Amino acid sequence: MSKQTQDWRFAQANKEALLCLGAYALYFVWWYVSGYGLGDGDPEQYSTILGLPAWFFYSCIVGYPLITVLLWVMVRLFFKDMPLDEPLDEKSTHVDAEGDDA
């Protein structure tokens, strides 16, 4: 069996998808550890930051801007702008009787 060559765009899209899944997994772990790790126990004993429970502050208030910055950096460094249409040499140039592209 001959091995088909894969379009470079699929390899890039797979890389970008894996980066997104990894970032989401990292964010979920951050949120889970912050929320359930610091939020476990008696609510009367919670420490507060800016009037919010520490578990909420770290999981929601700090986590969201951190993941936003991480995703921005990921897009700037690892994502590539690529054409989604087929190359011209592979396109069919067949025109039917009415003059519309087939």
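Criteria and thresholds
- Residues numbered from 1 in each chain as written.
- Predicted model: local features only at pLDDT ≥ 70, side-chain atom pairs only at ≥ 80, totals over all residues.
- Heavy atoms only, no water.
- Helix = DSSP H or I, 4+ residues; strand = E, 2+ residues; numbered from the N terminus.
- Buried < 20%, exposed > 50% of the residue type's maximum accessible area, 1.4 Å probe, protein only.
- Contact = heavy atoms within 4.5 Å.
- Areas by Shrake-Rupley, 256 points an atom, 1.4 Å probe, with all protein chains shown as cover.
- Expected span 1.5 Å × (residues − 1).
- Bend = angle between axes of the 7 residues up to and from the residue.
- Patch = residues over 30% accessible without salt bridge, like charges linked within 9 Å, V, L, I, M, F, W, Y side chains within 5 Å.
- Salt bridge = Lys/Arg side-chain N within 4 Å of Asp/Glu carboxyl O.
- Polar contact = N/O pair within 3.5 Å; in protein donor to acceptor, adjacent residues only side chain to side chain.

Novice: Whenever I open this one, the overall build of the protein confuses me. Can you help?
Specialist: Summing up its helical and strand segments, the protein has 2 helices and 2 strands in all. Listing every helix and strand of the protein by position from the N terminus yields α-β-β-α. A total of 102 residues make up the protein; the buried ones form 14% of that total. In the protein, the share of contacts with a sequence separation of at least 24, taken over all contacts with a separation of at least 6, comes to 65%. Carbon and sulfur atoms make up 63% of the accessible area of the protein, which amounts to about 8,700 Å² in all.

Novice: What should I look at first to understand helix H2 (residues 54-78) in this one?
Specialist: Turn by turn, an α-helix covers 3.6 residues, leaving residues three or four places apart pointing in a common direction. Taking 1.5 Å as the rise per residue, H2 with 25 residues should run 36 Å; its terminal C-alpha atoms sit 33 Å apart, in good agreement. Of all the bends found along H2, the most pronounced is centred on Gly 63 and spans about 40°, while Pro 65, a proline, follows it within four residues. Among all positions in H2, only Ala 54, Phe 57, Ser 59, Gly 63, Ile 67 and Met 74 are buried. Against the buried residues of H2 lie helix H1 (8-38), strand E1 (48-49) and strand E2 (52-53).

Novice: Is there a simple way to think about a nonpolar patch on the surface in this case?
Specialist: A cluster of nonpolar side chains, namely Tyr 24, Phe 28, Val 29, Trp 30, Trp 31, Tyr 32, Val 33, Tyr 36, Leu 38, Tyr 58 and Leu 66, defines an oily patch on the protein surface of about 1,100 Å² accessible area. Taken together, the elements giving at least two residues each to the nonpolar patch come down to H1 and H2. Among the elements that make up the nonpolar patch, the one with the highest residue count is H1 (9 residues). With respect to the secondary-structure elements, Trp 31 resides in helix H1. A relative accessible area of 30% places Trp 31 in the partly exposed class.

Novice: Sorry, what's going on with unusual backbone geometry here?
Specialist: Residue Leu 50 is not a glycine yet carries a positive backbone phi of 55°. Tracing the chain through its elements places Leu 50 in the loop between E1 and E2.

Novice: Is there a simple way to think about the side chain of Gln 12 in this case?
Specialist: When you line up the elements, Gln 12 lands in helix H1. Judged by its relative accessible area of 6%, Gln 12 is buried. A polar contact is formed between the side chain of Gln 12 and the side chain of Glu 16, at a distance of 2.8 Å. Residues within four places of Gln 12 in sequence aside, it is in contact with Phe 78, Phe 79, Lys 80 and Met 82.

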